[in-house]
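Residues per chain are reported as follows:
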Amino acid sequence: MPTSVQNILNKFNKAGYEIYIVGGAVRDVLMGRLVSDWDFTTNATPEKILKVIPEGFYDNTYGTVGLSNTDNLKPFEITTYRTERGYSDARHPDKIAWGKTLEEDISRRDFTINALALDKNLKVIDYFKGQADIKDKLIRAVRDPDERFNEDALRMMRAVRIASELRFTIEDKTLEAIKKNAALINKIAKERVRDELFKLLASPNPYEGVMHLKNSGLMAEILPEMEKCFGVEQKSPGRHHIYDVGTHLLMSLKNCKSEDPITRFATLIHDIGKPQTYKKLTSGVITFYNHEMVSTRIAENIADRLRFSKKEKDKFVILVRWHQFTVDEHQTDAAIRRVLRNVGLDNMEDMLALRVADRLGGGARETSWRLEEFKKRLVEVQKEPFSVRDLKIDGNDVMRELKLKPGPEVGKILEGLFNEVVEKKVENKKEDLLKRLITFSPKS
């Protein structure tokens, strides 16, 4: 136990108050996992908490006092025992009252594996058989799951996300309650849903997490466009696909090597426009012409609906829009530069991860000689300039060497030099470019 955590327990015990470590920290301690987020509960009211730790800060109605620490951990949260009543927005209690006992406080928590407490002597207090559920790898709601999810509908997403992170199973009654109440997730702020979804996608097991979303009915609420992909046939003469569109997307996610949640999300939905572009020819061949354009529009809608930041949306949409890039041994350097400009150098590694996942998710081999050759050419092409800004000389050099004043002529000369570099008529070296400048002199 970190020294700063033990100090908190000692201070409150010395002041005559009950205090316990609670929540996910206890679960992670029992599972031998690294803990960075420590929460406490106590019978001291916020005012009394601040007398014990005057350096704390209190600015909420939930009885939680925050405290920074020096152990490179998240700020501690110390909360007064409390009871809650009424959840008209399916997220926050309408009334909060200070509780008198630990059991009273613990009983309002979400899942049994999070309804555990630990005292300063490392004794575990377990009112709802949370330790047994950890052993059996189960996510089980505390008491009545219907009540727990009606109190806070975001708990349904948390159940799925924690199951994904820990590779646990959602207990039958809890799963049935999620299915029954799935529509309540629409009452939750989209930013909160997005955050849980990103955590799920960033977990070691995103495929299992998305399967939980699908099987619980939550996918139909938060990603209805995905639901439409299941059952859309792809297998046809001359095509490598062996799965329907929805299953292909899930298998692509399963095979995505990138750990970035945006890349994983883009991999999950990269073909989401296929149901709208499906056509079966008389020959039996199935086509999805321009599906990447439809997928891009859907990706934009998803990003806006879930309140992505601009940076998150830009990357998400780029990966979906350009995932169909051509891999051909006859491509010119200019064509490969266009791919790099469209995707962006910063996104290229993740785009390749999506491409490989797409292949594996369709039943193809991980790579091909064409893809490997393309990767080599990407490296080679990046040694060349992509724009005038990449030249080893700039406008100041041009004006100094040719004795020109600022104006459009300087830009034209730089553009001419850039074209000659691209055409390999001159190397992108400062000395060579300065020598070449003489041919662009207005007097020559």
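Structure: see above.
Remember, it's a predicted structure, so these values are computed and weren't measured experimentally.

J.: Sorry if this is basic, but what is going on with helix 2 (residues 24-31) here?
T.: Along an α-helix, a turn takes 3.6 residues, which lines up residues three or four apart on a common side. Where helix 2 is concerned, the buried positions are Ala25, Val26, Arg27 and Asp28. Check the buried side of helix 2 and you find it contacts strand 1 (19-22), strand 7 (116-118), helix 5 (130-136) and helix 7 (154-166). Phi turns positive one or two residues past the end of helix 2, at glycine 32, with a value near 75°.

J.: Is there a simple way to think about empty space enclosed by the protein in this case?
T.: According to the stated counting rule, one finds one cavity of 30 Å³ or more in the structure shown. Roughly 50 Å³ of volume is contained in the largest cavity. Together, Asp328, Glu329, Gln331, Ile336, Trp369, Arg370, Glu373, Phe374 and Arg377 line the largest cavity. Among the residues making up the lining of the largest cavity, the classes are represented as three nonpolar, one polar and five charged.

J.: Just to check I follow, could you spell out the sheet that holds strand 8 (residues 124-126) for this structure?
T.: Each strand in a sheet pairs with its neighbour through backbone hydrogen bonds, running either in the same direction (parallel) or in the opposite one (antiparallel). Strand order in the open sheet formed by six strands is 3-4-2-1-7-8, and the pairing between neighbours is mixed. In this open sheet, the two edge strands, each paired with only one partner strand, are strand 3 (64-67) and strand 8. Strand after strand, the sheet turns through a mean of 30° between neighbouring axes, direction not considered. For strand 1 and strand 7, the ladder comprises two bridges, and the chain directions are antiparallel. Of the residues in strand 7, the one forming a bridge with isoleucine 21 is leucine 118. Relative to the sheet, helix 1 (residues 3-14) contacts strand 1, strand 2 (39-42), strand 3 and strand 4 (76-80), its axis offset from that of strand 1 by approximately 150°.

J.: Which parts of the structure should I look at to understand the packing of aromatic side chains?
T.: Between two aromatic rings, the relevant description is the distance of the centres plus the angle of the planes. Per the stated rule, a full pass over the model turns up nine aromatic pairs. Summarising the aromatic geometry, the rings of phenylalanine 198 and phenylalanine 308 are spaced 5.2 Å apart at their centres and angled 75° between planes, so their arrangement reads as edge-to-face. Here phenylalanine 198 is found in helix 9 (residues 190-202), whereas its partner phenylalanine 308 is found in the loop between helix 16 (291-305) and helix 17 (310-321), with 110 residues between them in sequence. The cationic tip of lysine 214 hangs over the ring face of phenylalanine 230; the distance from NZ or CZ to the ring centre is 4.5 Å. We note arginine 321 situated over the ring of tryptophan 322; from NZ or CZ to the ring centre the distance is 3.9 Å.

Reading the values: the criteria
Residues numbered from 1 in each chain as written. Predicted model: local features only at pLDDT ≥ 70, side-chain atom pairs only at ≥ 80, totals over all residues. Heavy atoms only, no water. Buried < 20%, exposed > 50% of the residue type's maximum accessible area, 1.4 Å probe, protein only. Helix = DSSP H or I, 4+ residues; strand = E, 2+ residues; numbered from the N terminus. Contact = heavy atoms within 4.5 Å. 1 Å grid on protein atoms, 1.4 Å probe; cavity = no way out; pocket = protein on both sides within 12 Å on 5 of 7 lines; lining within 4 Å. Points joined across faces, edges and corners; volume = space filled by probe spheres on them. Nonpolar A, V, L, I, M, F, W, Y, C, P; charged D, E, K, R; others polar. Pairing = 2+ DSSP bridges. Axes fitted to C-alpha atoms, helices over the stretch in contact; angles between N-to-C directions. Phe/Tyr/Trp six-rings, centres within 6.5 Å; stacked < 30°, edge-to-face > 60°. Lys NZ or Arg CZ within 6 Å of the ring centre and 35° of its normal.

In short, the description is geometric, and any link to function would need to be established separately.
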